[in-house]
Amino acid sequence: MTRIFIASTIPGVVREAVGRAMHPLRDKLPEASWTKTETYHLTYAFLGDQEESRLPPVYEALEGRLAGTNGIAARFADAGFFPSMARPRVGWIALEPAELISSIAVEVRAALEECGVAFEAKPFTPHLTLVRPRTRWRARDCDRFAAATADIASREFRIESVSVFSSKLSPNGARHDELRRIPFTSEIGGQ
């Protein structure tokens, strides 16, 4: 069994810029688990533990559903928190255009349903997870986090593919391995 999720990668130069913006916060905010820069991604569906033999039909369904999908000119927007700013358990930055990015999630999830593969059916919010507070964050901590993300808001990049990843957990954090990439066409949508 392998932990599987489906996501789009964030270009390296953009990941590095986000990581640089977040790094100074580590000593200024209460204890938290910060997402490693190299693992930043936009998750469409988390499948949990799956037999690898179930993946080839998933690849085929994704390729069919995403055929003709245009690349998206994406950008970062406002910071947010799950479940809320009053009880932050996850700090993130939104991605826009939300409607176009959400349409990819709809197709990914429909492909999984076609294959009869279960996934976490939480509502989809286009975002990049940056931090998981380990202790209670106050409103001023959330404000400080949001202010730091303002430095990267409006930073543009392209979403050009969806990938199926395996995730291996270890004491040093998760390691994500790309199992299959499904590229979009070369056109850029959302402009």
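This structure is a prediction, so every number in the text was calculated from the model and none was measured.

### Observations regarding the overall build of the chain
For the chain, the helix and strand inventory stands at four helices and ten strands. Mapped from its N terminus to its C terminus, the chain presents α and β elements in the order β-α-β-β-α-β-β-α-β-α-β-β-β-β. Over its C-alpha trace the chain gives a radius of gyration of 17 Å, about what one expects of a compact globule, namely 16 Å for 191 residues. A principal-axis box enclosing the C-alpha atoms of the chain has dimensions of 45 × 40 × 25 Å. Looking at the chain as a whole, 46% of its 191 residues qualify as buried. Roughly 10000 Å² of accessible area belongs to the chain as shown, and the carbon and sulfur atoms make up 47% of that amount. Separation of charge centres in the chain, based on 25 positive and 24 negative side chains, amounts to 8 Å.

### Topic: helix 4 (residues 139–150)
The terminal C-alpha atoms of helix 4, which comprises twelve residues, lie 17 Å apart, in line with the 16 Å expected from a rise of 1.5 Å per residue. D141, C142, F145, A148 and T149 are the residues of helix 4 that are buried. Down the axis of helix 4, the buried set is contained in an arc of 120 degrees. They therefore lie on one face. For helix 4, exposure combined with an orientation more than 90 degrees from the buried face picks out A139, R140 and A150. Buried residues along helix 4 sit against helix 1 (12–22), strand 2 (32–34), strand 4 (70–83), strand 5 (88–96) and strand 6 (127–133).

### A closer look at the sheet that holds strand 9 (residues 175–183)
The four strands lie next to each other as 3-1-8-9, forming an open sheet whose pairing is antiparallel. Because the sheet does not close on itself, it has two edges, and the strands there are strand 3 (41–50) and strand 9. The average undirected angle you get between the axes of adjacent strands in this sheet is 25 degrees. Of the strands in this sheet, strand 1 (2–9), strand 8 (161–168) and strand 9 are in contact with helix 2 (residues 55–66), which crosses strand 9 at around 45 degrees.

### Concerning the nonpolar core
Within the largest apolar cluster, 51 residues are counted, with the highest numbers of intra-cluster contacts made by M22, Y44 and F145. Among residues more than four places away in sequence, those in contact with M22 are W34, Y40, L130, F145, A148 and T149.

### Thoughts on the packing of aromatic side chains
Applying the stated criterion across every chain yields a total of six aromatic pairs. A ring pair is formed by F76 and F157, whose centres lie 5.1 Å apart and whose planes are at 40 degrees; its orientation type is tilted. Highlighted residues: F76 in strand 4 and F157 in strand 7 (residues 156–159), separated in sequence by 81 residues. Its relative accessible area of 1% is what places F76 among the buried residues. Judged by its relative accessible area of 5%, F157 falls in the buried class. Ring-pair connections join several aromatic residues into one group, and the members of that group are F81, W137 and F145.

### As for the layout of surface pockets
If you add up the space inside the largest pocket, you get close to 1100 Å³. Of all the secondary-structure elements, those providing two or more residues to the lining of the largest pocket are strand 1, strand 2, strand 3 and strand 6. When residues of the lining of the largest pocket are assigned to their parent elements, the largest contribution, five residues, is made by strand 3. Class assignment of the residues belonging to the lining of the largest pocket gives a composition of 13 nonpolar, twelve polar and six charged.

Each value, and the rule that gives it
- Residues numbered from 1 in each chain as written.
- Predicted model: local features only at pLDDT ≥ 70, side-chain atom pairs only at ≥ 80, totals over all residues.
- Heavy atoms only, no water.
- Helix = DSSP H or I, 4+ residues; strand = E, 2+ residues; numbered from the N terminus.
- Rg over C-alpha atoms; globule rule 2.2 N^0.38 Å.
- Buried < 20%, exposed > 50% of the residue type's maximum accessible area, 1.4 Å probe, protein only.
- Areas by Shrake-Rupley, 256 points an atom, 1.4 Å probe, with all protein chains shown as cover.
- Lys, Arg positive; Asp, Glu negative; His and termini not counted.
- Charge placed at Lys NZ, Arg CZ, Asp CG, Glu CD.
- Expected span 1.5 Å × (residues − 1).
- Arc of directions from axis to C-beta.
- Contact = heavy atoms within 4.5 Å.
- Pairing = 2+ DSSP bridges.
- Axes fitted to C-alpha atoms, helices over the stretch in contact; angles between N-to-C directions.
- Core = buried A, V, L, I, M, F, W, Y, C linked by side-chain atoms within 4.5 Å.
- Phe/Tyr/Trp six-rings, centres within 6.5 Å; stacked < 30°, edge-to-face > 60°.
- 1 Å grid on protein atoms, 1.4 Å probe; cavity = no way out; pocket = protein on both sides within 12 Å on 5 of 7 lines; lining within 4 Å.
- Points joined across faces, edges and corners; volume = space filled by probe spheres on them.
- Nonpolar A, V, L, I, M, F, W, Y, C, P; charged D, E, K, R; others polar.

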